[in-house]
Amino acid sequence: MLKLINAGLGRTGTTSLQVALERLGLGPCYHMFDIVGDEKRLQQWESIVCDGKSPDWDAVFDGYTSAVDGPPSFYHRPIMEAFPEAKLVLTVRDAEGWYESTYNTLYQFVLKNKDNPPEEGSRQARVLRMTTVMTWDGLFDGRFSDKDYAIEVYHRRNQQIIDSVAADKLLVYDVKQGWEPLCGFLGVEVPAEGFPHVNTTASMRERMQRMGGAGGPIAPEGVGGPVPRAPVREQG
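These numbers come from a predicted model, not from an experiment.

Reading the values: rules and limits
- Residues numbered from 1 in each chain as written.
- Predicted model: local features only at pLDDT ≥ 70, side-chain atom pairs only at ≥ 80, totals over all residues.
- Heavy atoms only, no water.
- Helix = DSSP H or I, 4+ residues; strand = E, 2+ residues; numbered from the N terminus.
- Buried < 20%, exposed > 50% of the residue type's maximum accessible area, 1.4 Å probe, protein only.
- Contact = heavy atoms within 4.5 Å.
- Areas by Shrake-Rupley, 256 points an atom, 1.4 Å probe, with all protein chains shown as cover.
- Arc of directions from axis to C-beta.
- Pairing = 2+ DSSP bridges.
- Axes fitted to C-alpha atoms, helices over the stretch in contact; angles between N-to-C directions.
- Salt bridge = Lys/Arg side-chain N within 4 Å of Asp/Glu carboxyl O.
- Core = buried A, V, L, I, M, F, W, Y, C linked by side-chain atoms within 4.5 Å.
- pLDDT = per-residue confidence, 0-100.
- Phe/Tyr/Trp six-rings, centres within 6.5 Å; stacked < 30°, edge-to-face > 60°.

Quick notes on the overall build of the protein chain
Right, on to step 1. Across its full length, the protein chain holds 11 helices and 5 strands.
Right, on to step 2. When the 236 residues of the protein chain are sorted by exposure, 50% land in the buried category.
Right, on to step 3. Look at the contacts in the protein chain between residues 6 or more apart in sequence, and 74% of them connect residues 24 or more apart.
Right, on to step 4. Of the roughly 11000 Å² that the protein chain leaves accessible, carbon and sulfur atoms contribute 49%.

Side note on the environment of Val153
Right, on to step 1. Assignment of secondary structure puts Val153 in helix 9 (residues 147-164).
Right, on to step 2. With a relative accessible area of 3%, Val153 lands in the buried category.
Right, on to step 3. Spatially, the C-alpha atom of Val153 lies 9.7 Å from that of Asp141, the residues being 12 residues apart in sequence.
Right, on to step 4. When neighbours within four sequence positions are excluded, Val153 is seen to be in contact with Leu139 and Phe140.

Considerations on helix 7 (residues 106-115)
Because an α-helix packs 3.6 residues into every turn, residues spaced three or four apart end up facing the same way.
Right, on to step 1. Those residues of helix 7 that fall on the buried side of the exposure criterion are Tyr107, Phe109, Val110 and Asn113. Along helix 7, the residues classed as buried sweep out an arc of 150° about the axis, all on the same side.

Things to note about the sheet that holds strand 3 (residues 66-67)
Right, on to step 1. Read across the open sheet, the 5 strands follow the order 2-3-1-4-5; overall the sheet is parallel. Strands with a single pairing partner mark the edges of an open sheet, and in this sheet they are strand 2 (29-30) and strand 5 (170-173).
Right, on to step 2. Sheet topology places strand 4 (residues 87-91) next to strand 5; 4 bridges connect them, and they run parallel. Each residue of the ladder has a partner; that of Val89, found in strand 5, is Leu171.
Right, on to step 3. Contacts from helix 9 reach strand 4 and strand 5 within the one sheet, and its direction differs from that of strand 4 by about 155°.
Right, on to step 4. Docked against the sheet, helix 10 (residues 179-186) engages strand 1 (4-6), strand 4 and strand 5, running at close to 175° with respect to strand 5.

Re the pattern of salt bridges
Right, on to step 1. Using the criterion set out here, one finds 9 salt bridges in the structure.
Right, on to step 2. A salt bridge links Lys147 to Glu96, with the shortest nitrogen-to-oxygen separation between them at 2.6 Å. Remark: Glu96 occurs in helix 6 (residues 95-104) and Lys147 occurs in helix 9; sequence separation between them is 51 residues.
Right, on to step 3. Lys147 gets classed as partly exposed once you look at its relative accessible area, which sits at 26%.
Right, on to step 4. Here Arg156 and Glu152 are joined by a salt bridge, their closest N and O atoms 3.2 Å apart. Highlighted residues: Arg156 and Glu152, both in helix 9, separated by 4 residues, approximately one helical turn.

Description of the nonpolar core
Right, on to step 1. Counting 45 residues, the largest nonpolar core has Trp45 and Phe61 as its most contacted members.
Right, on to step 2. In terms of residue count, the dominant contributor to this core is helix 9 (6 residues).
Right, on to step 3. Beyond its immediate chain neighbours, meaning those up to four positions away, Phe61 contacts Leu2, Tyr30, Trp45, Ala67, Pro72, Ile79 and Phe83.
Right, on to step 4. Counting residues in each nonpolar core, the second largest holds 17 residues, with Leu4, Tyr173, Leu182 and Phe185 among its members.

Quick notes on the environment of Gly13
Right, on to step 1. Tracing the chain through its elements places Gly13 in the loop between strand 1 and helix 1 (14-23).
Right, on to step 2. Separated by 55 residues in sequence, Gly13 and Val68 place their C-alpha atoms 9.7 Å apart.

So, the confidence of the model for the protein chain
Right, on to step 1. When pLDDT is averaged along the protein chain, the result is 88, and 84% of the positions lie at 70 or above.
Right, on to step 2. Note that residues 212-236 has pLDDT below 50 and, in this model, 55 contacts with residues that lie over four places away or in other chains.

Here's the deal with the packing of aromatic side chains
Right, on to step 1. Across all of its chains, the model carries 22 aromatic pairs by this definition.
Right, on to step 2. Ring geometry for Trp45 and Trp57: centres 5.8 Å apart, planes at 50°, overall tilted. In this pair, Trp45 is assigned in helix 3 (residues 39-50) and Trp57 in helix 4 (residues 57-60), connecting sequence segments 12 residues apart.
Right, on to step 3. By relative accessible area, which is 0% here, Trp45 ends up buried.

Set out below in structure tokens:
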């Protein structure tokens, strides 16, 4: 059962949050990395995002305690309805830095595949379709290359989340703040070790250059490893 949902967009520290949550006992933590390398999960999200089907959220997140990054962040409202006791963390960062990081990493996946389209039906093509429907053509209306517009959407989306979620259920959080705000929100002790900062722009670009047939971003070293998962049931 999910206890925490992250509503922040990619490149706002979602992978660092994943590592932190698992360190605090809120793992396994669901991430986009869990989808791109797993056929059943990819099929589930294609059905949700591309076909508009309403899923069994218990089945989607079977075996997980928290969820970060997209696609879950885009569906935080219905997920919170399915898990009413769950708390929400909205990861944020300065808008300029977010845009530059996203443009130089995730959006390069889009531009690369426009110039060299992947084989139809390949995993890479399917991930591209899903993320395009959800993010690039969905949230950003096909205008992500317009920096001012993309930043306007980023601010508006964050504010809509802040306005719609009860204050006692929401943490607006920059991972640069470290452990204290997160641990205070969760009611747990602050670990002795430093807060994890992973998946930098440079390392993300390197992974995307190496992704090859993986169809999407490759998980950073130490993230998304062979943690035992409960089996994910097919949607009805």
